[in-house]
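# Observations on the three-dimensional arrangement
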Amino acid sequence: MASVSCLSLLVLVALASAASAQLSSTFYDTSCPKALATIKSAVNAAVAQEARMGASLLRLHFHDCFVQGCDASILLAGNEQNDGPNLTLRGFNVIANIKAQVEAICKQTVSCADILAVAARDSVVALGGPSWTVPLGRRDSPKAASTSMVTQNLLPPTSSLTQLINGYGNLGLSPTDMVALSGAHTIGQAHCPSYQDHIYNDTNINQAFATSLKASCPATGGSSVMAPLDTTSSTRFDNAYFSNLLSQKGLLHSDQELFNGGSTDNIVRNFASSPSAFSSAFATAMVNMGNISPLTGTQGQIRTTCSAANS
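Since this is a predicted model, take the numbers as computed values, not measurements. (Residues numbered from 1 in each chain as written. Predicted model: local features only at pLDDT ≥ 70, side-chain atom pairs only at ≥ 80, totals over all residues. Heavy atoms only, no water.)

### A word on the overall build of the protein chain
Counting secondary structure elements, the protein chain contains 14 helices and 2 strands. A compact globule built from 311 residues would reach a C-alpha radius of gyration of about 19 Å, and the protein chain, at 19 Å, matches this within 12%. Projecting the C-alpha coordinates of the protein chain onto the three principal axes gives extents of approximately 55 × 55 × 35 Å. Burial analysis of the protein chain (311 residues in total) assigns 49% to the buried set. Once local pairs closer than 6 in sequence are excluded, the contacts in the protein chain between residues at least 24 apart make up 76%. Approximately 13400 Å² of the protein chain is accessible, and the part contributed by carbon and sulfur atoms is 54%. Here the protein chain holds 16 positive side-chain charges and 18 negative ones, and the gap between their average locations is 6 Å. (Helix = DSSP H or I, 4+ residues; strand = E, 2+ residues; numbered from the N terminus. Rg over C-alpha atoms; globule rule 2.2 N^0.38 Å. Buried < 20%, exposed > 50% of the residue type's maximum accessible area, 1.4 Å probe, protein only. Contact = heavy atoms within 4.5 Å. Areas by Shrake-Rupley, 256 points an atom, 1.4 Å probe, with all protein chains shown as cover. Lys, Arg positive; Asp, Glu negative; His and termini not counted. Charge placed at Lys NZ, Arg CZ, Asp CG, Glu CD.)

Structure, rendered in structure tokens:
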């Protein structure tokens, strides 16, 4: 039985490798040469109008890839969007607008999954972060993931370091990838219920920082209250998030777990002291995340509207 399980695992790994190998940065060079420029222009306009939108578009790509792979299932109206971890997602209108622009120049050619991947990269760049070459050629899932799959794969802000390492590891991402991707919290905001327990009950938090947060975030309720994930520079993509962790100013319990006497402490120290080390690791980790179980070739479809499967 063990040998059969090992064989099955090898087959799955081989299939995943084959799928990711089919992705190519030049995928649309002939079929839709203006696709990337069109996406970039739309993202830049959205971020210029509201800097926080950059974080929201990046988060959409995360929540898509972590559940059922990078297949744009998160964009299907209702479904995953109604599951607890996704209730605060935003930016769907921006993606819909980008899709409409791309469809106008290349009908049913560019997938919603690829638009999410490119928009995430362009959002980071628009906020001063690193760029990377996005492998392309993903196709869209015609159906959403189950609620159980969402809750199993999207780790809550109460997660321990072990849970974080295991959760990312299950998707083929290393601890270094995990810490680097957590650095996406250098932009954006979080709602009070996601950091309540940390500021009221945890001891590994700067007490002045906790007190300042309690002024607006009550011990219960407060769902409309938000705070920046990076208290230093929430609209600039930099490495300040890691410096905050060194000072015990991580907003979420799961943030501070990365620097709490555990195995990732030195990775945090490295990223805090070297902006270039973080930028390089983040770019690598984003490509790795974008390679999670993509649909390629004849799998899936190219949706004409991101919010609904083709009829």
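Don't stop here, the text continues.
### Description of helix α7 (residues 161-169)
Every buried residue of α7 is accounted for by Leu161, Leu164, Gly167 and Tyr168. Buried residues of α7 fall within an arc of 135 degrees about the axis and therefore sit on the same side. If you follow the buried residues of α7, they end up packed against α8 (175-182) and α12 (253-256). (Arc of directions from axis to C-beta.)

### Quick word on the environment of Ala285
Within the secondary structure layout, Ala285 lies in helix α14 (residues 275-290). Judged by its relative accessible area of 0%, Ala285 is buried. When the C-alpha positions of Ala285 and Phe209 are compared, they lie 30 Å apart, and in sequence the two are 76 residues distant. Contact partners of Ala285, with chain neighbours within four places excluded, come to Asp177, Ala180 and Leu181.

### Quick word on the pattern of salt bridges
Inspection of the entire model under this criterion finds 5 salt bridges. A salt bridge links Arg121 to Asp122, with the shortest nitrogen-to-oxygen separation between them at 2.7 Å. On the accessibility criterion, Asp122 (5% relative accessible area) is buried. The salt bridge partner of Arg236 is Asp238, with a shortest N-O separation of 3.2 Å. Accessibility expressed as a relative area gives 48% for Arg236, which makes it partly exposed. Taking relative accessible area as the criterion, Asp238 reaches 16% and is therefore assigned buried. (Salt bridge = Lys/Arg side-chain N within 4 Å of Asp/Glu carboxyl O.)

### Description of the nonpolar core
Residues Leu58, Ile95 and Phe282 are the most contacted members of the largest nonpolar core, which totals 74 residues. The greatest single-element share of this core, amounting to 9 residues, is contributed by helix α5 (residues 112-126). Not counting residues up to four positions away in its chain, the partners in contact with Phe282 are Leu58, Val124, Pro130, Trp132, Ala180, Leu181, Ala184 and Phe237. Listed in part, the 14 residues of the second largest apolar core include Ile205, Ala210, Cys217 and Leu229. (Core = buried A, V, L, I, M, F, W, Y, C linked by side-chain atoms within 4.5 Å.)

### Here's the deal with the UniProt feature "binding site: Ca(2+) 2" (unreviewed entry) in the protein chain
The UniProt record marks Thr186, Asp230 and Asp238 with the feature "binding site: Ca(2+) 2" (unreviewed entry), using the residue numbering of this structure. In summary, the annotated positions, though distributed over 53 residues, converge in three dimensions, the widest C-alpha pair being only 9.8 Å. Structurally, Thr186 is set in the loop between α8 and β1 (189-191). Thr186 has contacts with Asp230, Ser233, Ser234, Arg236, Phe237, Asp238, Ala240 and Tyr241, leaving out every residue within four places of it along the chain. A distance of 3.0 Å separates the side chain of Thr186 from the side chain of Asp230, its partner in a polar contact. Filtering out sequence-adjacent residues up to four positions away, Asp230 remains in contact with His185, Thr186, Asp238, Ala240, Tyr241 and Asn244. A polar side-chain atom of Asp230 sits 2.8 Å from the main-chain amide nitrogen of Thr232. (UniProt positions renumbered as here; feature names shortened; annotations may be inferred. Polar contact = N/O pair within 3.5 Å; in protein donor to acceptor, adjacent residues only side chain to side chain.)

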